[in-house]
Every structure is written in C-alpha cells, then in structure tokens.
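Per-entry structural report
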Amino acid sequence: MPSIEILGLEKTYQVGFWRKRPKQALRPLHLQVEDGEIFGFLGPNGAGKTTTLKLLMGLIFPTSGSARILGREWTDPAVKAQIGFLPEQPYFYDYLTAHELLEYYGQLSGVPGKHRRHRIEQVLHQVGLRDVQGVHLRKFSKGMLQRVGIAQAILHDPKLVFFDEPMSGLDPMGRREVRDLMEQLKREGKTVFFSTHILSDAEALCDRVAIIHKGEVLRAGAVDDLTSSVRGKVEVIWQGAQIPASIKALGAECHVTADKVRAILDEKHQDAVIDALRRERLRLVSVTPVRTSLETYFVEKLRHAETTAGSMAGGV
Amino acid sequence: MKSSIPHIASNTFREAVRDRVLYNLIAFALLLSGAAILVGQISIEIEKLVVINLGLTAVSLFGVVIAIFIGIGLVSKEIEKRTLYTVLSRPVRRWEFIVGKFFGLAGTLTVNTFFMAIGVFAALFYVSHRFVRADALIFVALYFIILEFLIVCSLSLLFSSFSSPLLSAVFAFSLFVIGSFSADLRNFAAMAHGVSRWLATGAAYLVPNFSAFNVITSIAHEQPVAGQLILQNTLYALFYAAMALSGAVLIFEYRDLK
Ligand SMILES: Nc1ncnc2c1ncn2[C@@H]1O[C@H](COP(=O)(O)OP(=O)(O)OP(=O)(O)O)[C@@H](O)[C@H]1O
Ligand SMILES: [Mg+2]
C-alpha cells in the first residue's frame, strides 16, 4: 500500500487586495510515495513544495483534487494521529519550555501519560536538546527551534513524517544528525517525505525523489534512474601554474591562481586528469565534487522546463 | 478519541497567566483601596453604595477589556505566528481548537473575577466592618458579570475570525457599549415608526442585551434579584455565546491558514 497518494491536488491563490487575481501555486499534482521509503521533494524557491505539504496537512484547502494518506482520505482525523509534521521555519508557543511544549503536543496527539514522560526524554535526547529542555522557547536560536520542530514531529512515533526543509538553519553537525535520524526512521519502517533544495542531502538519503517546478512535477523516480544520463562535475586543484595540454583537451575550465591551478571538469574525466598530473609530475592538492549528478540533472531539467515554458508533462 | 478541548483550554489559561494578564489585579486592588479610603469620610450607607457600585463596575470593565484584548488575538495570533501548524496537524479538529480557546479564556476571566471579588468584599468589610445578608446579592451580580464575559469572549472570537485584530476590537467594544444601552434601544424601537422601527427592532434583538445583566445599582440598594431573571440571563448568555462561537467555527473551519 502506498503511504501517500496525491491525486491531482491543485491550488490557486487569490492575490491582490482590491482586484483579486488568481495565482496558480500548484497545477494538478499527482504523486505516489511508497511505504517505508525516504522520498525527497525537490524544487527551487516558490515551486510549490510548502503549498503541497500544507494541503496534505489540511492547513489550506485545495482548489480541486484529493489525496490519500496511509490508505485513508487525507482529511480523516484518524490519519493525523499517525503522521508527524515539521513546518518550514517552525515557530512555537514561546512562553513554554521545550519540555512543556512536547508535553502539550503529546497530550494533543494522544500519547498516554506514562509513556509520554519517557518518550519526551527520548526525543529531546535524539535532537540534542536535553540540556535546554527547561528553557523558554523565546530564548531558543533558529537551529534550536528547528530541533524542537523535529522533536515534536516524531514525538508520537508516527508511521509517516513530513519534513519541510528539515536541514534549514542547522549547523553541519545538526544536519548530520538529522540525516542519521531520517535513516533511523527508515530502519524502523517509517516513511519519510521531505522537501529540500539541498540536493546533496537528497542524493545521499532518498530512495526516490520528485522534482517540482512552478507547481508541476517534472520528473519522479529513483535518483540513479534520473541521473543515469548526466554526470556531475569535479574540481581538481594542483600545485604549479602549468596546464597540461591533455587536460585542456578534456574540456576543463581552468583558473590559475598564484601557485595553483583550479580546474572544473566532468566527473568522468577525473581519472584521466589524475593520470595526466602524474605523468607531468605535478602535485595534486585536492579533488572535490562541485556538483553532484543530481544537481546537474536538476539544473538541466529546470533549464529545459524554462525553455519549453512549462508545457512539459510530468513523467511520474 | 479523547477530546483535545481541555488541553487547549488549559494551555490558553497558562498563556494568559504567563503573559501576566493577572497583573491587572494589582491595578484593580489599588483602585478599590484608594476609593474605599477616599469615601471613608462619608456616612456609612453611602459608603457602601459607592464601594459596591464602583467595585462591581470595575470588575465588569476590567474583565470586558481583558476579554476583548485576549479574545481578538486568541486565534488570529496563532495564525499569524503559525503556531497553529503543529497543532492542527495533530488529531485536533478545528472546532475543538476554537472551543478550547474559548473555555481557556472564560476560565482565565473567571479566575480573574474571583480575585477581584475578594477585593470587593474586602473593601466592603473595610467600610462597613461587617457583612449583612443582602451582601450575598453581590454574588448574583458577579455571576451576571461572568455571563457577560462569556458573550464578549465569543463575540471577540467571532470578529477575529474574519477581520483584523484592530477592527475586531472596535467591533467588540462597540457591541459591548451598544449592548449596555440595549434597553434604551428597545424603548426607541417601540416608539419609532416605519423603516427606523424595523431597523431599531432588528438591532435591539441582535446586539447582546447587556442591560438585563446589569443589576449593580439595584443590588447596591439591596433590592433582590428575581429567580426568573437569573434563569433567563443564564439561558440567554449560553445561547448567545453558542451562536457566536458557531459562527466563528463556521468561518474558521474552511479558512486557509496563512
Ligand atoms: N498565501 C499565499 N498567497 C498567495 N500566493 C502564495 C501563498 N503561499 C504561497 N504562494 C505562492 O505559491 C507559490 C509556491 O509557494 P511555496 O511556498 O509552496 O513554494 P516552496 O516550493 O515551498 O518554496 P521555498 O523553497 O521558497 O520554500 C509561490 O509562487 C508563492 O508565491
Ligand atoms: Mg517552502
């Protein structure tokens, strides 16, 4: 059974104060997320990711279409007990402490009293907030609020979690922790649906992704399937000021600085470059991927969508 | 599934307390003790009259102001700050949220009134040095005042479900003022003719009939309150608040959150 089936959800906002104009944020959207997978919902700013999540949470109402979550109609209150939601830039009752907030949310989600205590301790530990659980949320930093947001989303041990940009505002360690947490959820058999524009996170984590642009799914599928046709780019840096002709011939984009050369070229030429450097006895400083294959795919896909002016059909 | 209403109500109460709403009690106590000392020079009967009149009027006004200022923000503030997202994505129905909020505010006002009532009785004791049986009538007046609060709370909630906080405050306060003169409005309606009669009659029935709730002057003169009025006011307040709340729920139920 799929965890989420989005059946043509469409949202048109009315914008403007006096003369209302329609603004189509989401064209009829179709998407299916399988049970137990980590699904990445990717798209540039304003693509409609948050709109989709708000529709699924029942915070706004669709112009048309419907969805099924965990096999039930998405508006069914019984669904809500089994899902968790982390909103974009979450904000909470700032007169409460982290512990009090989780206590309240635990009550609302129907987590029984005895179990609740234990569970709150557990999630506070998981998101690294145990030491500040007695501090009022108005004194929390952005990243700390994000962590509270994650804690409240998983508090009631939901089967399915929705994260809207879970990594935003987090330090590198926090991002690492959230990635681990999502993988942990997957191991526990949970389904994770998250939106992001950090493509490296998506590539590392997701079983499948969908790329959404201007309210439309351009493509959905496993990361490997999507990226089989494109290659990423790597940045190679070596000591010295010379650029061997064989490297130039690979189509590398080279920048010469004081005593180093920085070349950007296709991932597939990586070995050839290293070989060339060795032949020329040049000292290699570093090789770093600058653009992963998913990023390359993403950028190409969006560029293509722009040129064909949104007339592309989504290949779901 | 268990109802979320009690949890939402108690969180609303907690918010009010932590936002230092109960600090108004200090102003109230100062006002009342100042008045009691000031009128201490006059004859004992007038003194009592002044303390009861002033005390209960202050209880009512303080409460109404709190009811309006918290009431208009109850829902709109949560939409504005997006604290609602993580509440409504839980098994909480929208109507439960509104009703929970209403009870939370009603609870806050009741507790607030309780403390102010202690103040009124203390001031009364200070000026007359003893209680008489007729003083029990003050409880009836306080009960009516609380009923009045229920109506004001529900109206603030209703207005704030479709208009800005500022406009909601203006609407709610105007209705409170007009409602306080509803007896005059009814009298006017009875005397008017033609269209103005229809309009005045309609308005007289639409605005909350707060005139019927104001027994302060009569109890200050130790006139008893008819049991029928108590029953009538109770039913009226419950009905009116339920209607206004239903309106708020209907609007909120289908509203897109920001
Ligand atoms: N309340 C609203 N009223 C009018 N238009 C809106 C509203 N909310 C969103 N939109 C529009 O809908 C489109 C999609 O917005 P949405 O917030 O879903 O994007 P997003 O993919 O989440 O972007 P980001 O990555 O920046 O968070 C945007 O063009 C936005 O301007
Ligand atoms: Mg967004």
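Preceding this section is the structure that the text describes.
Reading the values: rules and limits
Residues numbered from 1 in each chain as written. Chains lettered and ligands numbered in written order. Predicted model: local features only at pLDDT ≥ 70, side-chain atom pairs only at ≥ 80, totals over all residues. Heavy atoms only, no water. Helix = DSSP H or I, 4+ residues; strand = E, 2+ residues; numbered from the N terminus. Buried < 20%, exposed > 50% of the residue type's maximum accessible area, 1.4 Å probe, protein only. Donors = N, O, S within 2.8 Å, 3.2 Å for Na, K, Ca; no water. Contact = heavy atoms within 4.5 Å. Buried area = accessible area lost by both parts, 1.4 Å probe. Salt bridge = Lys/Arg side-chain N within 4 Å of Asp/Glu carboxyl O. Polar contact = N/O pair within 3.5 Å; in protein donor to acceptor, adjacent residues only side chain to side chain. Pairing = 2+ DSSP bridges. Core = buried A, V, L, I, M, F, W, Y, C linked by side-chain atoms within 4.5 Å. Phe/Tyr/Trp six-rings, centres within 6.5 Å; stacked < 30°, edge-to-face > 60°. Lys NZ or Arg CZ within 6 Å of the ring centre and 35° of its normal. Lys, Arg positive; Asp, Glu negative; His and termini not counted. 1 Å grid on protein atoms, 1.4 Å probe; cavity = no way out; pocket = protein on both sides within 12 Å on 5 of 7 lines; lining within 4 Å. Points joined across faces, edges and corners; volume = space filled by probe spheres on them. Nonpolar A, V, L, I, M, F, W, Y, C, P; charged D, E, K, R; others polar.

What to know about unusual backbone geometry
Even without being glycine, Asp157 of chain A reaches a positive phi, approximately 55°. With respect to the helices and strands, Asp157 of chain A occurs in the loop between helix H5 (142–154) and strand S7 (160–164). Owing to a relative accessible area of 46%, Asp157 of chain A belongs among the partly exposed residues under this scheme. A positive phi angle, near 65°, is found at Arg82 of chain B, a position not held by glycine. Mapped onto the secondary structure, Arg82 of chain B falls in the loop between helix H3 (44–81) and helix H4 (85–88). Look at Arg82 of chain B and you get partly exposed, because its relative accessible area is 22%.

A look at the coordination of the magnesium ion (ligand 2)
Donor atoms from the polypeptide that coordinate the magnesium ion (ligand 2) comprise Thr50 of chain A (OG1) and Glu88 of chain A (OE), at 1.9 to 2.3 Å from the metal. With Thr50 of chain A in helix H1 (residues 49–56) and Glu88 of chain A in the loop between strand S6 (83–86) and helix H3 (98–108), this pair connects stretches of sequence that are 38 residues apart.

What about the interface of chain A and chain B?
Counting residues at the interface gives 30 residues for chain A, matched by 29 residues for chain B. Across the chain A/chain B interface, buried area totals approximately 2,800 Å², and carbon plus sulfur atoms make up 54% of it. Taken as a group, Leu59, Tyr95 and Leu108 of chain A account for 25% of the area that chain A buries against chain B, more than any other trio of residues on that side. Applying the counting rule to chain A against chain B returns two salt bridges. Two residues, Arg18 of chain B and Glu100 of chain A, come together in a salt bridge whose shortest N-O distance is 2.8 Å. Inspection of the region where chain A meets chain B yields 20 residue pairs in polar contact (both at pLDDT 80 or more). Elements supplying a minimum of two residues to the side of chain A that touches chain B: helix H2 (77–80), S6 and H3 of chain A. With five residues, H3 of chain A is the largest single contributor of residues to the side of chain A that touches chain B.

Points about the pairing of strand S10 (residues 216–222) of chain A
Residues and elements named next belong to chain A. Among the seven residues in S10, five count as buried, and that is most of the element. Alignment of strand S9 (residues 208–213) against S10, held across six bridges, turns out to be antiparallel. Paired with His213 across the two strands is Glu216, which belongs to S10. Here S9 hands over to S10 after two residues, with Lys214 in that stretch at a positive phi of 50°.

Some thoughts on the nonpolar core
Most often, soluble globular proteins keep nonpolar side chains buried together rather than apart. In this structure, Phe162 and Phe163 of chain A together with Phe97 of chain B are the most contacted members of the largest nonpolar core, which totals 161 residues. Among residues more than four places away in sequence, those in contact with Phe163 of chain A are Leu53, Leu86, Ala153, Ile154, Leu181, Met182, Leu185, Val192, Phe193, Phe194 and Ser195 of chain A. Counting residues in each nonpolar core, the second largest holds 12 residues, with Ile247, Ala252, Val261 and Val273 of chain A among its members.

Overview of the packing of aromatic side chains
Throughout the structure, instances matching the rule amount to 24 aromatic pairs over all chains. When the centroid spacing of 6.4 Å and the interplanar angle of 70° are considered together, the rings of Phe92 of chain A and Tyr105 of chain A count as edge-to-face. Of this pair, Phe92 of chain A sits in the loop between S6 and H3 while Tyr105 of chain A sits in helix H3; the two residues are 13 residues apart in sequence, bridging distant segments of the chain. The pair formed by Phe92 of chain A and Tyr105 of chain A is uniform in burial state, with each residue classed as buried. One aromatic cluster is present, formed by Tyr143, Phe144, Phe173, Phe176, Phe210, Phe213, Tyr236 and Tyr240 of chain B through successive ring pairs. Above the ring of Phe252 of chain B, the side-chain terminus of Arg94 of chain B is found at 5.4 Å from the ring centroid.

Considerations on the side chain of Lys49 of chain A
Residues and elements named next belong to chain A. Here Lys49 lies in helix H1. Of the side chains bearing the opposite charge, Glu165 lies closest to the buried Lys49, which forms no salt bridge; the N-O distance is 4.6 Å. Engagement of the side chain of Lys49 in a polar contact is seen with the backbone oxygen of Gly43, the distance being 2.8 Å. Within polar-contact distance, the side chain of Lys49 engages the backbone oxygen of Pro44 at 3.0 Å. Setting aside anything within four residues of it in sequence, one finds Lys49 in contact with Phe41, Leu42, Gly43, Pro44, Glu165, Ser195, Thr196, His197 and Ile212.

A few points about empty space enclosed by the protein
All names here are of chain A. Inspection of the entire model under this criterion finds one cavity of 30 Å³ or more. The volume enclosed by the largest cavity comes to roughly 70 Å³. Lining the largest cavity are Gln126, Val127, Arg147, Ile150, Gly174, Glu177, Val178 and Leu181. Mapped onto the lining of the largest cavity, the elements with two or more residues apiece are H5 and helix H6 (172–187). In terms of residues, the lining of the largest cavity owes the most to one element, H6, which gives four residues. The class makeup of the residues in the lining of the largest cavity is four nonpolar, two polar and two charged.

Examining the side chain of Asp94 of chain A
Of note, Asp94 of chain A is situated in the loop between S6 and H3. In this structure Asp94 of chain A is buried but unpaired, with Arg138 of chain A as the nearest side chain of opposite charge at 4.1 Å. Setting aside chain neighbours within four positions, we find Asp94 of chain A in contact with His136, Leu137 and Arg138 of chain A together with Lys81 of chain B.

Some details on the sheet that holds strand S4 (residues 64–69) of chain A
Residue and element names in this part refer to chain A. Taken together, the four strands give an open sheet; going across it, the order is S2-S1-S4-S5, and neighbouring strands pair in antiparallel fashion. The open sheet is flanked by strand S2 (21–34) and strand S5 (72–73), the only strands paired with a single partner. For S4 and S5, the ladder comprises two bridges, and the chain directions are antiparallel. The residue of S5 that forms the bridge with Ile69 is Arg72.

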